[in-house]
Amino acid sequence: MFCSPAILGLLAFTLYPALASLYYSFCNYPMLKPPVWVGTANYRTLFHDPVFYKSLSNTAYYAVFATPLGMIVAFLLALLLNQKVKGLAVFRTMFFVPSIVPMVAGSVLWLWLLNPQYGLINTLLRSVGFPEPGWMADPAWAKPALIVMSAWGIGGWMLVYLAGLQDVPRDLYEAAEIDGANLLQRARHITIPFMSPHLFFTLVMGFIGAAQYFTQAYVMTNGMGGPVDSTKFFSLYLFQNAFQYWKMGYACAMAWILFIVILLFTLLLFKTSARYVYYGGER
Amino acid sequence: MSKSDGSDMSDKSDVSAANNKGAVTAPRLRRALAYIVLITGGLLMLVPFLWMLSRSVELPSEVASPGLGLIPKHFRLANYADALKLMKYPQLYLYNTLKVTALTVVGGLFSSSLVAFAFARLRAPGRDLLFILVISTIMLPAQVTMIPMFMIFRGLGWYDTLLPLIVPAFFGSAFSIFLIRQFFLTIPKDLEEAARIDGCSTFRIYWQIFLPLSKPVLATVAFFSFTAHWNDFMTPLIYLNSIEKRTLALALATFQDVWGVDIVSLMAASTLVLLPVLLMFFIGQRYIVQGNVMSGSKG
């Protein structure tokens, strides 16, 4: 009886829609007319749709660069903060606050920071004589711009790492130091193995988040994914198909491909994780 | 030492404090370097905010002038009034956003904690299987359920109302259920048994024992849910059509193309949208930080 809200919610908001979208993915469904079964036509069209491949590669590009970049920056910051620094709370707040900024406000702000003419970043580059990329106006620089922006919001991961570092046994460091291990060796053989569950967690979450990357790209390109489709990410193209072209069946097919990719990749990460993730004792 | 400032991070301070004293202190140079990197990095994180604030009070004619623009040449608060005027219905957007966030936070907290209580304490056949099923829905990307949900809400005549933004929260969220359940599991069984012997009903055990004991985790979930709904963009974008029904995030996003290059108003408006979230953060900093760590390390 107590479970009823969960069961109801699960049925109404997850199981039914999930099954329905699987069914629609095999239908021609132009929204205003009822769905008509067309077999695998949507999937076959998708595999011949160049924009589909473009959106897939855009998303892969973003995931491959933004996730490790965020992890590295967050990990370095956490290591520094773990050096018994004074004013830890102040630093922690400074690094964490950007990550709670509403995505829309953050995107609007960054769109202007990255503005080729008036933006802070190019003004800075100009003053030291570096070349000025066109950022969101240039197809070659639009994705790097979004990746740079993503590093601004890594505060959450930093906190996760910082908490994890508290659990690394101190005496191991002392023993290693007595044995003459240098900083790099200590990092490689003590810190990273002990932190691997946390690193693994953020890797999985980062990947799942990157696969669904949407809001920033939508806001910064007015929902177009431009210039020349350079920021047309998978979720953005899915959204366009559904709510701009009203190709609901096609969009559902995309959603299921997304789900399968996420599922397979997550399973792959978990399967291989035994090799590089160390869970101290039976934790 | 980190423990003394960050008392909220961990409760094993006495153990590692003893360990720390024995630790070899890092060389001075390395510490100085750490401070330099931290201060530079911290300032870099704050510079975008500073730039936004500075632009929001600048004269519109001055934004193209040379210089980094971190310090405004003028201080024109009227920009904020202009921005509000350009937004057309700022008070409606605020009202819509407040309505959605308040209802979703309260509704979500109540139903998620109730379900978490059931999963943590009540015995029922298939309970754990059901729990796994609920948790596994976290894995399902929103894009999969998005279109059928849209059809359902449209069929109910809820398109262009705030209901599709509010109602789903009342059925609990898998993530909140998970966090609260983990906390409930740590509450001693004896407490519950004692209450039951005294004739306490199950609902009263939940309401008068579990909820008051779980304030930290409830606050964490509440803040998470507050920021998630305050910032949500995709759901309002899908369901809201009329100008006056929009939420703040949606209004800000849709106005940016209307305003074109009016940086000044845009930055003033962004500041206004951001302010409540920052305020909430500073009020609830402890819980947000804790929640972030909880969701990350125990996930």
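Residues numbered from 1 in each chain as written. Chains lettered and ligands numbered in written order. Predicted model: local features only at pLDDT ≥ 70, side-chain atom pairs only at ≥ 80, totals over all residues. Heavy atoms only, no water.

### Thoughts on the domain arrangement of chain B
How big an interface is tends to be stated in terms of the accessible area lost upon association of its parts. All names here are of chain B. Domain parsing of chain B yields domain 1 (3-62) and domain 2 (78-295). Listed by partner, the interface residues are 12 residues for domain 1 and 13 residues for domain 2. For the pairing of domain 1 and domain 2, the buried interface totals around 970 Å² over both sides, and the portion due to carbon and sulfur atoms is 73%. Connecting domain 1 to domain 2 are 3 residue pairs in polar contact (both at pLDDT 80 or more). (Domains from an automatic or database assignment. Contact = heavy atoms within 4.5 Å. Buried area = accessible area lost by both parts, 1.4 Å probe. Polar contact = N/O pair within 3.5 Å; in protein donor to acceptor, adjacent residues only side chain to side chain.)

### Considering the interface of chain A and chain B
Facing the 95 residues of chain A at the interface are 98 residues of chain B. Between chain A and chain B, the buried area comes to about 8500 Å², and carbon and sulfur atoms account for 79% of it. At the boundary of chain A with chain B, the tally comes to 0 salt bridges. On inspection of chain A and its partner chain B, the count reaches 4 residue pairs in polar contact (both at pLDDT 80 or more). In terms of residues, the side of chain A that touches chain B owes the most to one element, helix α1 (residues 4-24) of chain A, which gives 15 residues. When the residues that make up the side of chain A that touches chain B are grouped by side-chain class, the tally is 72 nonpolar, 16 polar and 7 charged. (Salt bridge = Lys/Arg side-chain N within 4 Å of Asp/Glu carboxyl O. Helix = DSSP H or I, 4+ residues; strand = E, 2+ residues; numbered from the N terminus. Nonpolar A, V, L, I, M, F, W, Y, C, P; charged D, E, K, R; others polar.)

### Observations regarding the side chain of Glu58 of chain B
Residue and element names in this part refer to chain B. Checked against the element boundaries, Glu58 lands in the loop between α3 (28-56) and α4 (78-86). For Glu58, a relative accessible area of 0% puts it in the buried group. Engagement of the side chain of Glu58 in a polar contact is seen with the backbone nitrogen of Lys73, the distance being 3.0 Å. Leave out the neighbours within four places in its chain, and Glu58 touches Val63, Pro72, Lys73, His74, Asn79 and Val264. (Buried < 20%, exposed > 50% of the residue type's maximum accessible area, 1.4 Å probe, protein only.)

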